[in-house]
Structures are given as C-alpha cells and as structure tokens.
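Geometric and topological summary
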Amino acid sequence: RLSSGEGITLYCKADTSVPFTFRFGDECHPNMRIRVRPEYTEDRYSNKTVERCPNHLVKDNTETRNHFLRCEHPDTEYLGSEDAFAVRIPMCESTGFFFTCFSSCSGGINRRPVQLTFVLEDNDGRAVDTCFVALKVCANPLRDASKENGRFEPRIVDFNGERDVYGAALHRKRAQRFTGEIIKRPRYRGYSDENCHVYEIHTFSRFGFTTEQCVLLNRVFQEWNQLN
C-alpha cells in the first residue's frame, strides 16, 4: 500500500535528486508498477498538464525534454502528453526523482500549487492504490519552508555529546541583531543630532553590550565628541 503523510509538502531544488522509499504489503504482486505524475491541485487547472517553462525547455536537447519529472530508475518509462508526461517504474524499494523547473517559472508552473500523484498499478494498468505528496521546487527550500510553516528557530543539537556549533552561532547572531533603523551621521567634528544615538547604540551592541551599557557609552561618546 502506498501512503503519504497528511499535509506534508516536499521542498527541493531543481535538478537535484530526491530519494524516495516505497513499502508494499504482502498482497502486492512483484510485477506491479508505479506511475508517478505531477498535477495541479486547484480544480480550475485539473485538466491542464504540468509543462516545463520555455526558458528551461529550449536549453534541453534530451529525449525527455518535455518531462518536468525525471526518475533515476534504469527501467523508467517516460509517457507522452496523453498521459500528462508521467513516468512509470517497476516496483522497487527506493529510487530518486528530480525536477527540471522551478515552481515559480514563468510560462510553466507559474507558482500554481503542484503535487506528485503516485499510482500503484497491476498488470492490466488498473489503479490499485493512490497517494499524493505536495511539491514545491525552489532555489532555497529551507527559506521557503520556514516562511510557510512558521519562522525557523535554530536550535543547539547534541550529536553524541558534540554541540551543533553552526546552530549555536546562528542563534547568537540573531539574538544580537539590532532591530531599529540604522541612521549614519556625517563624519566631521562638532556634529550632533537626535539620531546620533541610534547609530552609536547599534555600533556598541555589536560587541555584546546591553542596552543600558550602550546608552552609557553613547553618552560618553557624545561628550567626548563635543570636546574634540
């Protein structure tokens, strides 16, 4: 039986292999096949085939140039436009798929919601079971996933007693980031205005000082600036 997690969306880069693992019940015959096709999820585009954009299509001279979906299985069968440019593979434990356009490509998907439909077929081509996986192909999967699923919060993870240094550094950097507007003052003596403290507080906060310490340092800095 094919199954997919409810509400799960696959975020991936273009032309990057994504491994898929399949599990089958004992009732499945080894000669069954898996048909995979991309399709739009909105009803108004239900009869429209997912096609590649002209920009990527013109650069591809392979026999499968019209297929947005590609598979790494050596026995992959690429179906034509009458079958929505789907692919069909024998039953297998795992294989890789990749996608040849972005979800944002103009003239192609053009930001319309897309999903992958997996159909388990018997020897006669009859559908035995079906499952769906929402798909978004983008340049930065982590960024897009964090925008749609909530703000990404980096964590310090312990791998066999070792700290995830990258996650910790990212967390510290975000905690020290100044959120106010940065207004730089002209660099000449005797100049002082009401926006000067904004620039100086930001400067001192970069070195780890608290807000109270930044205010004190800023006051000393302005007094020194007026005397010099």
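Anything mentioned here points back to the structure above.
Residues numbered from 1 in each chain as written. Predicted model: local features only at pLDDT ≥ 70, side-chain atom pairs only at ≥ 80, totals over all residues. Heavy atoms only, no water.

Moving on, we come to the overall build of the protein. Within the protein, the secondary structure is distributed over 5 helices and 11 strands. Counting only residues that meet the buried cut, the protein has 36% of its 228 residues in that class. For the protein, the share of sequence-separated contacts (at least 6 apart) that also reach a separation of at least 24 residues comes to 60%. For the protein, the accessible area works out to roughly 15,300 Å², and carbon and sulfur atoms hold 48% of it. (Helix = DSSP H or I, 4+ residues; strand = E, 2+ residues; numbered from the N terminus. Buried < 20%, exposed > 50% of the residue type's maximum accessible area, 1.4 Å probe, protein only. Contact = heavy atoms within 4.5 Å. Areas by Shrake-Rupley, 256 points an atom, 1.4 Å probe, with all protein chains shown as cover.)

Turning next to the side chain of Glu39. Turning to its location among the elements, Glu39 is positioned in strand β3 (residues 33–40). Side chain to side chain, Glu39 and Arg37 meet in a polar contact 3.2 Å long. A polar contact is formed between the side chain of Glu39 and the side chain of Thr117, at a distance of 2.6 Å. Ignoring any residue separated from it by four or fewer positions in sequence, one finds Glu39 in contact with Val50, Pro113, Val114, Gln115, Thr117 and Phe132. (Polar contact = N/O pair within 3.5 Å; in protein donor to acceptor, adjacent residues only side chain to side chain.)

It is worth spelling out the pattern of salt bridges at this point. Summed over the entire model, instances satisfying the criterion amount to 11 salt bridges. One salt bridge connects Glu42 with Arg44, and the closest N-O pair in it is separated by 3.1 Å. The partly exposed category is assigned to Glu42, whose relative accessible area is 26%. A salt bridge links Glu77 to Arg88, with the nearest nitrogen and oxygen atoms 3.0 Å apart. Of this pair, Glu77 sits in strand β5 (residues 77–78) while Arg88 sits in strand β6 (residues 87–90), placing them 11 residues apart in sequence. (Salt bridge = Lys/Arg side-chain N within 4 Å of Asp/Glu carboxyl O.)

We now examine the sheet that holds β6. Spatially, 6 strands are ordered β1-β9-β8-β3-β6-β5 in an open sheet, and the strand pairing comes out mixed. Of all the strands in the sheet, just β1 (9–12) and β5 have a single pairing partner and so form its edges. In this structure, β3 lies alongside strand β8 (residues 114–121), joined through 8 bridges in antiparallel fashion. Paired with Arg37 across the bridge in β8 is Thr117. (Pairing = 2+ DSSP bridges.)

Before going further, it helps to examine unusual backbone geometry. With phi around 50°, Phe85 is a residue other than glycine that occupies positive phi space. Note that Phe85 resides in the loop between β5 and β6. Residue classification places Phe85 among the buried positions, given a relative accessible area of 12%. With a phi close to 55°, Asn110 is a non-glycine residue in the positive phi region. Position of Asn110 among the secondary structure elements: in the loop between β7 (94–99) and β8. The exposure class of Asn110 is partly exposed, given its relative accessible area of 43%.

Let's shift gears to helix α5 (residues 211–227). Relative to the 24 Å expected for 17 residues at 1.5 Å per residue, α5 spans 25 Å between its end C-alpha atoms, a close match to the ideal helical length. If you check which residues of α5 are buried, you get Cys214, Asn218 and Asn225. Buried residues along α5 cover an arc of 40° about the axis, so they all sit on one side. For α5, the exposed residues lying more than 90 degrees away from the buried face are Glu212, Leu216, Trp224 and Leu227. (Expected span 1.5 Å × (residues − 1). Arc of directions from axis to C-beta.)

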